[in-house]
Amino acid sequence: MAKNPAHRLRRRPSWFRPVPLRSRRDGWTEVRQCAFLAQLYATGSVSAAARVVGMSRASAYRLRERAGAESFAFAWDRVLTLPGAGHPGAAREDGRKVTIATLLARLETDIVRPVVFQGAMTGIARKPDNPTLFRLLRLTRNWPAAPDDSEFWEVGGSFEKHPRSL
């Protein structure tokens, strides 16, 4: 009977919001963050995964502790949690304390996930953060409606797209 590869004992990397950082060629770019999670999935070792992406183990842990890295830390914990062991148990953000400004800022960036094929990262999948959009819509649906300015656009009984008065 063949033995399962070690990466089969871990969960695949999930969707996460990359940690917002300054743009540096030798820093933790979005691609490096995805590659780190893919290598963590393949090896199960933080040191080995950091070494493969050209960073140190200490810098990986510093990245994990930064403000705004909650999603990355959750994806990290999820990779190292055995399938069937339940929830990874990482500290999730308290959703009741999120401001509208924070939700709007989240909509500016996509969430990403490393695409892993045969134990190696082959690409990065992106998608818009729809749960944040729906939450923002729920919070703002009872706001007062914008004033009706249809009479401004009506000229001579016909509805014009571009008014002549402008």
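Everything discussed here concerns the structure shown above.
Below or above, wherever it landed, is the structure these notes cover. (Residues numbered from 1 in each chain as written. Predicted model: local features only at pLDDT ≥ 70, side-chain atom pairs only at ≥ 80, totals over all residues. Heavy atoms only, no water.)

1. A look at the overall build of the chain
When you go through the chain residue by residue, the secondary structure sums to 7 helices and 4 strands. Moving toward the C terminus, one meets the helices and strands of the chain in the order α-α-α-α-α-β-β-α-α-β-β. Residues classed as buried in the chain amount to 32% of the 166 residues present. Sequence separation of 24 or more characterises 61% of the internal contacts of the chain that already satisfy a separation of 6 or more. Put simply, the chain shows about 11300 Å² of open surface, and 54% of that area lies on carbon and sulfur atoms. (Helix = DSSP H or I, 4+ residues; strand = E, 2+ residues; numbered from the N terminus. Buried < 20%, exposed > 50% of the residue type's maximum accessible area, 1.4 Å probe, protein only. Contact = heavy atoms within 4.5 Å. Areas by Shrake-Rupley, 256 points an atom, 1.4 Å probe, with all protein chains shown as cover.)

2. Comments concerning the nonpolar core
Nonpolar side chains tend to gather and get buried jointly when the protein is soluble and globular. If you look at the biggest cluster of nonpolar residues, it comprises 24 residues, and the most contacted ones within it are F16, W28, F36, L37, L40, F72 and W76. When residues of this core are traced back to their parent elements, those giving at least two are helix 1 (30–43), helix 2 (46–52), helix 3 (57–65), helix 4 (70–80) and strand 1 (111–117). A per-element tally of this core places helix 1 first, with 7 residues. Excluding residues within four positions of it along the chain, L40 makes contact with R10, S45, V46, A49, W76, V79 and L80. (Core = buried A, V, L, I, M, F, W, Y, C linked by side-chain atoms within 4.5 Å.)

3. Looking at the packing of aromatic side chains
The final tally for this structure, using the stated rule, is 6 aromatic pairs. Aromatic pair W28 and F36: ring centres 5.5 Å apart, planes at 90°, arrangement edge-to-face. Members of the aromatic cluster, connected to one another through ring pairs, are F16, W28, F36, Y61, F72 and W76. Over the face of the ring belonging to W15 we find R113, whose NZ or CZ atom lies 4.9 Å from the ring centre. Its guanidinium or amino end placed over the ring of W15, K127 lies 4.5 Å from that ring's centre, counting from NZ or CZ. (Phe/Tyr/Trp six-rings, centres within 6.5 Å; stacked < 30°, edge-to-face > 60°. Lys NZ or Arg CZ within 6 Å of the ring centre and 35° of its normal.)

4. Thoughts on the pattern of salt bridges
Under the counting rule described, the total for this entry stands at 3 salt bridges. The partner of R17 in a salt bridge is D129, with the nearest N and O atoms 2.0 Å apart. Linking R17 in the segment before helix 1 with D129 in the loop between strand 2 (120–127) and helix 6 (130–140), this pair joins segments that are 112 residues apart in sequence. For the pair formed by R17 and D129, the shared burial category is buried. (Salt bridge = Lys/Arg side-chain N within 4 Å of Asp/Glu carboxyl O.)

5. Remarks on a nonpolar patch on the surface
Taken together, the side chains of L104, L107, L133, F134 and L137 present a nonpolar region at the surface, about 430 Å² in accessible area. When residues in the nonpolar patch are grouped by element, the largest group, 3 residues, is from helix 6. Following the sequence through the fold, L104 ends up in helix 5 (residues 100–107). For L104, a relative accessible area of 45% corresponds to the partly exposed category. (Patch = residues over 30% accessible without salt bridge, like charges linked within 9 Å, V, L, I, M, F, W, Y side chains within 5 Å.)

6. What to know about the pairing of strand 1
Where strand 1 meets strand 2, 7 bridges bridge the pair, whose relative direction is antiparallel. Looking at strand 2, one finds that V116 is bridged to M121. Where strand 1 hands over to strand 2, the hairpin turn is made up of 2 residues, of which Q118 adopts a positive phi near 55°. (Pairing = 2+ DSSP bridges.)

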